[in-house]
Amino acid sequence: MSSWSLCMIVKNEEDVLERCLSSIRELMDEIIIVDTGSEDGTKKIAERFTDQIYDFSWKDDFAAARNFSFSRASGDYLMWLDADDILPERSLCLLAEEKERLDPKTDVIMLPYQTAFDETGNPVFTYERERIVRNCSRSVWIGPVHEVIVPFGNILRLEAPVRHEKKRPGDSGRNLRIYERQLANGWKPDARQQYYYGRELYYHGRYKEAEEVLSRFLKNPDAWIINRVEALRLIAYCRYRQDREEEALEALLRALTLDTPRAEICCDLGRHFLDRGKYETAVFWYQAALSLPARMEEGGFVEKDCCGFLPCIQLCVCFDRLGDRRRAEEYNERAGRYRPQSPYYLQNQRYFGHEE
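Since this is a predicted model, take the numbers as computed values, not measurements. (Residues numbered from 1 in each chain as written. Predicted model: local features only at pLDDT ≥ 70, side-chain atom pairs only at ≥ 80, totals over all residues. Heavy atoms only, no water.)

Before we go on, may I ask you to explain unusual backbone geometry in this structure?
Most peptide bonds take the trans configuration, and most residues that are not glycine carry a negative phi. For Asn12, which is not glycine, the phi dihedral falls at a positive 50°. By the secondary structure assignment, Asn12 is in the loop between β1 (4-10) and α1 (17-24). In this structure, Asp60 is a non-glycine residue whose phi angle is positive, near 55°. Relative to the assigned elements, Asp60 resides in the loop between β3 (53-55) and α3 (62-71). (Helix = DSSP H or I, 4+ residues; strand = E, 2+ residues; numbered from the N terminus.)

What follows is the structure, encoded as structure tokens:
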């Protein structure tokens, strides 16, 4: 049986580290903790789980820190987690079974990463990550922020999700600061880093700059199709916020030409027409979203609500405004089957006179 090493980089994580390590330790043959400057009890907690604790001077480069953690590991396979990640028990069992029978030719194991949750803790935002990789020269992190190991060789996909459960807000400006320091020092971002830099600019309200960066990204021949689709969504959002509505619609329609339609794009189009009172057109796009599956295997961000709850709750609105109360109620009931504790569903229940 292969040996597995857990490799983590941490800083001031005393409130979540024990939870993380407790969820994973029985699967691991060794645990590597790299501390980048903790000033709390992080190291003391780590000592309960491993004696392999190393210091690393922070260099505004997550890839450098992760590569250092990998360099200290001796396992056949290397797994990474953040301190506020949790491996659910079911995922632990699935991975333990897979470890027993793992094909030695496997190079990368991709797992779902769940990073946002609804009222009852069910995931609503998920994407795949290269979570476990062979300990070899190709397992190298790249990128100062939103770092990645480019998947290689024989890839295995497992339905053993990792949950990212924060207990406190992070530093919302950190990633953008790192990007801008790196750029000031002459760093030349690759296609993926261009995309993520554009995302950071968008989330900080710098819409004109974000659109410019994402538009340059679209011209890069190395850009992944799924990132192109998501870049066009972000360009559309930037244009909406600059009161350029028709150009925003053009960006969304262009996204449809790049790949098989995704539910997320259909929901964006539905919202465009709903907001402008074109309810029948909005109905078309929301019903299209309902007909499409989530597409986890392509590596993009999956907004699970776009495949069920969101189009249903919006179809309820559309049909209500079209005067079709019966269908409005039907779609609200469908929305409730996806998220029975949603305040939107419950508010609609009261509106339709179904208070408990």
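Okay, back to it.
Where do I start with the packing of aromatic side chains in this structure?
Any two aromatic rings considered together are summarised by their centre-to-centre distance and by the angle between their planes. Throughout the structure, instances matching the rule amount to 20 aromatic pairs. On the basis of an interplanar angle of 70° and a centroid distance of 6.2 Å, the ring pair of Phe125 and Tyr127 is categorised as edge-to-face. In this structure Tyr127 comes out as buried when scored by relative accessible area, which is 15%. Members of the aromatic cluster, connected to one another through ring pairs, are Phe70, Trp80, Tyr113, Phe125, Tyr127, Trp141 and Phe301. Lying over the aromatic face of Trp80, Arg131 brings its terminal NZ or CZ to 3.8 Å of the ring centre. Over the ring of Tyr351 we find Arg325; its NZ or CZ atom is 5.8 Å from the centre of that ring. (Phe/Tyr/Trp six-rings, centres within 6.5 Å; stacked < 30°, edge-to-face > 60°. Buried < 20%, exposed > 50% of the residue type's maximum accessible area, 1.4 Å probe, protein only. Lys NZ or Arg CZ within 6 Å of the ring centre and 35° of its normal.)

Looking at this structure, how should I read the pairing of strand β2 (residues 30-35)?
Across a regular strand the side chains alternate sides, sitting on one face of the sheet and then on the other. Of all six residues that make up β2, six are buried, and the element is covered over most of its length. Side chains Glu30, Ile32 and Val34 of β2 all project onto a buried face; the interleaved residues Ile31, Ile33 and Asp35 project onto the opposite face, where all are buried too. Pairing between β1 and β2: six bridges, direction parallel. Paired with Cys7 across the bridge in β2 is Ile32. Following the chain from β1 across α1 to the adjacent parallel β2, one finds a crossover that is right-handed. Two strands pair when backbone bridges link them, and β2 and β3 are joined in this way by three bridges, in the parallel orientation. Within β3, the residue paired with Asp35 across the bridge is Asp55. (Pairing = 2+ DSSP bridges. Right-handed = clockwise from strand over helix to strand, strands pointing away.)

Purely geometric stuff here, so don't read any function into it on its own.
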